[in-house]
Amino acid sequence: MPQRITSKDLTELSELMESESLAYKKCVNYATMVSDPVLKEKLGCYANNHRIRFEKLLGYLNSAQ
C-alpha cells in the first residue's frame, strides 16, 4: 500500500522540484554563454544531474498518487 503524501510533503516536494528546475535552467543557460569547452561540459553534466533529480522527484510524486 503506497504511503499517503501530506500537504507538508507536497509543499516540500514542490520546493525541491522548483529548485532542481531552476538549477537546470541556470546550468543550461550558463553552458550556452561560456566558451571554455571544459566548463561547458561540466555545466552540461550539472544540468543533466539536476534534470535527473527533478525526474526522480516527479516519478516519486506520480507513484504516490
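Remember, predicted model here, so these are calculated numbers, not experimental data.

Engineer: Break down the overall build of the protein chain for me, citing the residues and quoting the values.
Structural biologist: In terms of regular secondary structure, the protein chain is built from two helices and zero strands. In terms of overall size, the protein chain is more extended than a compact globule, its C-alpha atoms giving a radius of gyration of 15 Å where 65 residues would be expected to give roughly 11 Å. Dimensions of the protein chain, computed from the C-alpha atoms along their principal axes, are close to 50 × 20 × 10 Å. Counting every position in the protein chain, which comprises 65 residues, the buried fraction comes to 18%. Within the protein chain, contacts between residues at least 6 apart in sequence are counted, and of these 63% link residues at least 24 apart. For the protein chain, the exposed surface amounts to about 5200 Å²; the carbon and sulfur share of it is 58%. Here the protein chain contributes 9 positively and 8 negatively charged side chains, and the mean placements of these two sets differ by 2 Å.

Engineer: Which residues make up the environment of D9, and what are the values?
Structural biologist: Here D9 shows up in helix α1 (residues 7–33). Separated by 24 residues in sequence, D9 and M33 have C-alpha atoms that sit 36 Å apart.

Reading the values: rules and limits
Residues numbered from 1 in each chain as written. Predicted model: local features only at pLDDT ≥ 70, side-chain atom pairs only at ≥ 80, totals over all residues. Heavy atoms only, no water. Helix = DSSP H or I, 4+ residues; strand = E, 2+ residues; numbered from the N terminus. Rg over C-alpha atoms; globule rule 2.2 N^0.38 Å. Buried < 20%, exposed > 50% of the residue type's maximum accessible area, 1.4 Å probe, protein only. Contact = heavy atoms within 4.5 Å. Areas by Shrake-Rupley, 256 points an atom, 1.4 Å probe, with all protein chains shown as cover. Lys, Arg positive; Asp, Glu negative; His and termini not counted. Charge placed at Lys NZ, Arg CZ, Asp CG, Glu CD.

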